[in-house]
Every structure is written in C-alpha cells, then in structure tokens.
Amino acid sequence: MDARITKQRLANMLSYDWLKIIAAIAVAVLFICVFFTTVSTRPGTHQVFTVFGYRELLAGEAAEGFTEDLKKNGVFSYDILETGQETFGTGQYADAAFTARRSVVQGTVMFTTTNRTDKDDPSATVINELLGGENCPMALDLDVYMDDCKNYLIRFFGEDWETGTLDKAEAEACFTARNSKDRRYRSEAKRAEGVLQEYDRLEQLRKDYIYVKALIDDGTLPYVDVADDKDVVHHKAFALGKLAGLRSYYYYTVTTTDEESKQETTITSSENVCLFFFRNDEDEGRSAKYVENDLRYEPLSYVRALVERFGA
C-alpha cells in the first residue's frame, strides 16, 4: 500500500478540510440566526410606530432619524419596539405602495395637507380626497379619540384623573393581560421591571394628554373637518400650520408668478400641513375597561414631541 505523502495528496486533504471548515461555519451561523429569531421578541402590530407622508409633502432634513430619536429618548412608551417613517410622494407607484402598506395595517399617523386640488371647488382638497366619504373611517375621529383617552385615564387614576393616584393593581392587571406571553418578561425580575415601566407609561400618558388637550383648547392645534358619506362632519386631523419650524420636518413647495415680469418663484411652506391618526383597531368609542389596544394613545406623545420640537 502506497501511503506516501505527496504534494497532490496534501493539497487534496487541505482542500477537503477547508470545505469542512466552511460548512461548519455556515451551519453555526444558521444556528445562531435561528436561535436569536426564536428567542427575540418580534414587534406586534401595535408595537411599531410608523409615520407616513402623503402626496406633495417632502421630508425635510429633520425627518431623518426623528422617530428613532423619540424612541431612544423615551418619548414613546417601553412597549413601542420599532419605529419607521415613509414618504410616498406623487410618483407612479406611490398610491399602490400606500395601499399595500394599509392592507397589512401599517402606519400609525400620517401627514397630509388641506391644499386645494381644484381651484374652483373649495371642498376639493388633498385630505378630503383621501379621507372623505366612504374613506372617512380610515382615520380616527379626534373628538371620540380624546374622550376615549380621558376615560382610559379615569380607569387608572379615578374620576379625579388629573391629580389622582395611579391604581397600581389595575395597572399591573393591564400589563399582565397585554404582556403575559411576551418573552421579555419570562423571569419574575423582568416582570417586576415591566410593571414599573407600565406605571411610567400611564403617568406619561396623563401628562401628554393634558399637554395636547391644552393646545387644542387654546387654538394651537385646530381641528381639520372632513365629511363622511352621509355628509356628517368629523374632526379628523390636527392642523399644524402654527408650528413655525415644521418646514424642516415636512413641507411642500408653492410656485408663484409675478404678473409683470412673469418670473416664477418657488418657496417651501408647511402652512397647510395636517396630521391624522389611522384607525388600526376596533376600540373607538369602546369602554376603557375593554380596550384591547393599550398603545392606541401613543400618537399623543408624538404630537407633543412635534410641538416641542417644531413649535417655535
């Protein structure tokens, strides 16, 4: 038997070993990916806060990373696990992309405008074309929404909800009902930590509600009216024209022509920008005790952040 070590045999042996090493690395990487996918917490539908911009709106330099910064800085509650932002524009596939997102209940809030789409028809506006008529239920009714949030706060703080003490037992029961199967809280220590975070969520919601309600009452955040298919008018959006710095976040362009020189001038504006909340659950008008989507009031924290960041 010829057992001599030759260059050819040594080369063959090393090539086979390299193949084994590469195969072993591939198997290890695959195992790690599967392991972390299995044990990590995947965001649920309501645990992703996504901002959309519609039609003629353009995202400014402040839009990049804004929602992620809000998450990092604790503006959203601990149960918002992921944020995102997308501006659809007026391109060929913009409406198709928007429809696709909404078909899988993506999107939490949306910026649009009250800009006219027909100069001869005052009711023909971007928001009316988007939400008017049979499309009206796509956005939450803000009157009902604010009342729902107040009743939700009463559930945890009592009738004297503005200054009342948090009912910790009720808060813990709410946390358990929502997060009992969440992998983040498998240990007792993590569960106890989560309950404390739930206390903080509710305390912060109270502050944000009071803040936004005051802005509604003093006229800083006027409502935008939209009529449904029975011509019933609803408050469907917040007009953001009084936020002087909003142009750095979302804006549109306006082109004017000088009558004498016929020279065109293009400027940016956010005067007619407004914001509405998508209806992503069936909790509108429901008794606070039976609300299933506890995160439906996160947009109030977002609105407060908008005003504080772009209001001056």
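Residues numbered from 1 in each chain as written. Predicted model: local features only at pLDDT ≥ 70, side-chain atom pairs only at ≥ 80, totals over all residues. Heavy atoms only, no water.

Caption draft 1: Just the sheet that holds strand 4 (residues 109-113), in detail. Taking strand neighbours across the sheet as the criterion, the six strands line up as 3-1-4-9-6-5 in an open arrangement whose pairing is mixed. Bordering the open sheet on either side are strand 3 (82-87) and strand 5 (223-227), each of which pairs with just one other strand. Taken over all neighbouring pairs, the strand axes of this sheet differ in orientation by 30 degrees on average, direction set aside. Of the pairings in the sheet, the one linking strand 1 (residues 48-53) to strand 3 comprises six bridges and is parallel in character. Looking across to strand 3, one finds that V51 is bridged to Q85. Sheet contacts for helix 5 (residues 142-157): strand 5, strand 6 (233-239) and strand 9 (273-277); angle to strand 6, the most-contacted strand, approximately 75 degrees. (Pairing = 2+ DSSP bridges. Helix = DSSP H or I, 4+ residues; strand = E, 2+ residues; numbered from the N terminus. Axes fitted to C-alpha atoms, helices over the stretch in contact; angles between N-to-C directions. Contact = heavy atoms within 4.5 Å.)

Caption draft 2: Quick peek at helix 6 (residues 168-179). Along its twelve residues, helix 6 runs 16 Å from first to last C-alpha, staying within 8% of the 16 Å computed at 1.5 Å per residue. The complete set of buried residues in helix 6 reads E170, A171, C174, F175 and N179. In a view along the axis of helix 6, the buried residues occupy a sector of 145 degrees, so they form one face of it. Turned more than 90 degrees away from the buried face of helix 6 sit A169 and A177, all of them exposed. Its buried side turned inward, helix 6 meets helix 5 and helix 7 (188-217). The opening residue of helix 6, the one whose side-chain oxygen lies 3.2 Å from the backbone nitrogen of A169, is D167. (Expected span 1.5 Å × (residues − 1). Buried < 20%, exposed > 50% of the residue type's maximum accessible area, 1.4 Å probe, protein only. Arc of directions from axis to C-beta. Polar contact = N/O pair within 3.5 Å; in protein donor to acceptor, adjacent residues only side chain to side chain.)

Caption draft 3: Local environment of the side chain of H234. Looking at the secondary structure, you find H234 in strand 6. A polar contact is formed between the side chain of H234 and the side chain of D141, at a distance of 2.8 Å.

Caption draft 4: Region of the structure containing the nonpolar core. Counting residues in hydrophobic clusters, the biggest one holds 58 residues, and the most contacted among them are F111, L240, Y249 and Y302. Sort the elements by how many residues they give to this core and helix 5 lands first, with nine residues. (Core = buried A, V, L, I, M, F, W, Y, C linked by side-chain atoms within 4.5 Å.)

Caption draft 5: Highlighting the sheet that holds strand 7 (residues 250-257). As summarised here, the arrangement of the three strands in space is 2-7-8, forming an open sheet in which the pairing is antiparallel. Looking along the sheet, the strands with just one partner apiece sit at the ends: strand 2 (58-59) and strand 8 (264-269). In terms of strand pairing, strand 7 meets strand 8 through six bridges, oriented antiparallel. Bridging from a neighbouring strand, Y252 pairs with S269 of strand 8.

Caption draft 6: The arrangement of the pairing of strand 5 in detail. Along strand 5, the buried face is formed by V224 and V226; none of Y223, D225 and A227, which line the opposite face, is buried. The pairing of strand 5 with strand 6 spans five bridges and is classified as antiparallel. Across the sheet, the residue bridging to V224 is A237, located in strand 6. In this antiparallel pair of consecutive strands, strand 5 and strand 6, the connection spans five residues, and D231 shows a positive phi of 65 degrees.

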